[in-house]
Amino acid sequence: DAGVIQSPRHEVTEMGQEVTLRCKPISGHNSLFWYRQTMMRGLELLIYFNNNVPIDDSGMPEDRFSAKMPNASFSTLKIQPSEPRDSAVYFCASSSGQGYGYTFGSGTRLTVV
Amino acid sequence: AQRVTQPEKLLSVFKGAPVELKCNYSYSGSPELFWYVQYSRQRLQLLLRHISRESIKGFTADLNKGETSFHLKKPFAQEEDSAMYYCALSAFGNEKLTFGTGTRLTIIP
């Protein structure tokens, strides 16, 4: 298995533009998580899905952020419009169940200028 | 509410010396605890789960419910241990992980 696959690895965009981050979880994992990592705030859970259904989106900063999981093998995190304060590394992770821990993707480094 | 505290942002240790990375948690129920490691510009990797009581790369961690701690230890530090270490907690019956702010460990040759 190639692990959790995220794309793109790096994204530089101008303020106000729409940004879409993509994630392919490990096959057979039924939970998917989106985290944001910054120097100031560390790792923050944005949203997580179980069996493609959003379970907890309390970490989504505001309406500019949205996430979807149309099927078991794909999820997107969209920011529209983007702002400089959204600059961070965004990680996707998947899990096969409670107690097993997560497998993380390589992350997308987003820079909004 | 659950919280994970890693009191040291930075820790420097000489090669061959013992290492202890501190982690304290706040949670009223039965927690599940983990340590993750992130080497420079790489993805986070699961290092240890308390439930499996394993030793990985010479690291061990014991859950102390009385002190609400899950400190990570290694008797002899190696240069390749330099990395960012995160402690994380999930509530029983919930997959959501709450992470601490991390400790950057630097091994001095």
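(A) Layout of the overall build of chain B. Scanning chain B from N- to C-terminus turns up 0 helices and 11 strands. Its C-alpha atoms give chain B a radius of gyration of 13 Å, within 12% of the compact-globule value 13 Å for 109 residues. Dimensions of chain B, computed from C-alpha atoms along their principal axes, come out at roughly 40 × 30 × 25 Å. Out of the 109 residues in chain B, the part that is buried amounts to 45%.

(B) Summary view of the pairing of strand β3 (residues 19-24) of chain A. Across 3 bridges, strand β1 (residues 5-7) of chain A lies against β3 of chain A in antiparallel orientation. Each residue of the ladder has a partner; that of Ile5 of chain A, found in β3 of chain A, is Lys24 of chain A.

(C) Up close: the sheet that holds strand β8 (residues 74-79) of chain A. All names here are of chain A. Read from one edge to the other, the open sheet built from 4 strands follows the order β1-β3-β8-β7, with strand pairing classed as antiparallel. Both outer strands of the open sheet, β1 and β7 (65-71), are each paired with one neighbouring strand and no more. Shown here is a sheet whose adjacent strand axes are inclined to one another by a mean of 15 degrees, direction ignored.

(D) Structural context of the environment of Gln37 of chain A. Note that Gln37 of chain A resides in strand β4 (residues 31-38). Assessed through its relative accessible area of 13%, Gln37 of chain A is described here as buried. Between the alpha carbons of Gln37 of chain A and Ser27 of chain A there is a distance of 25 Å; along the sequence they are 10 residues apart. Beyond its immediate sequence surroundings of up to four residues, Gln37 of chain A is in contact with Gly42, Leu43, Ala88, Val89 and Phe91 of chain A together with Gln38 and Tyr86 of chain B.

(E) Main features of the sheet that holds strand β3 (residues 19-21) of chain B. Ordered by their spatial adjacency, 3 strands build an open sheet running β3-β8-β7 (chain B), and the pairing between neighbours is antiparallel. Each edge of the open sheet carries a strand with a single partner, namely β3 and β7 (60-61) of chain B.

(F) Spotlight on the pattern of salt bridges. Residue and element names in this part refer to chain A. According to the stated counting rule, one finds 13 salt bridges over all chains in the structure shown. Across the salt bridge formed by Glu18 and Lys78, the nearest N and O atoms sit 3.9 Å from each other. In this pair, Glu18 sits in the loop between β2 (10-13) and β3 while Lys78 sits in strand β8, placing the two residues 60 residues apart along the sequence. Taking the relative accessible area as the measure of exposure, Lys78 reaches 30% and is therefore partly exposed. Arg36 is the salt-bridge partner of Glu44, the closest N and O atoms lying 3.3 Å from each other. Relative accessible area serves as the criterion here: at 11%, Arg36 is assigned to the buried category. Here the salt bridges share partners, and the residues they tie into one network are Glu62, Arg64, Glu83, Arg85 and Asp86.

(G) Unusual backbone geometry, seen in detail. All names here are of chain A. Omega for the peptide link from Ser7 to Pro8 comes to -10 degrees, which places this bond in the cis form. With respect to the secondary-structure elements, Pro8 resides in the loop between β1 and β2. The residue after Gln80, namely Pro81, is reached through a cis peptide bond having omega -5 degrees. Note that Pro81 resides in the loop between β8 and β9 (88-95). In this structure, Asn52 takes a positive phi of about 75 degrees despite not being glycine. Assignment of secondary structure puts Asn52 in the loop between β5 (42-50) and β6 (53-56). On the basis of relative accessibility, which here comes to 29%, the residue Asn52 falls in the partly exposed class.

Scoring rules and cut-offs
Residues numbered from 1 in each chain as written. Chains lettered and ligands numbered in written order. Predicted model: local features only at pLDDT ≥ 70, side-chain atom pairs only at ≥ 80, totals over all residues. Heavy atoms only, no water. Helix = DSSP H or I, 4+ residues; strand = E, 2+ residues; numbered from the N terminus. Rg over C-alpha atoms; globule rule 2.2 N^0.38 Å. Buried < 20%, exposed > 50% of the residue type's maximum accessible area, 1.4 Å probe, protein only. Pairing = 2+ DSSP bridges. Axes fitted to C-alpha atoms, helices over the stretch in contact; angles between N-to-C directions. Contact = heavy atoms within 4.5 Å. Salt bridge = Lys/Arg side-chain N within 4 Å of Asp/Glu carboxyl O.

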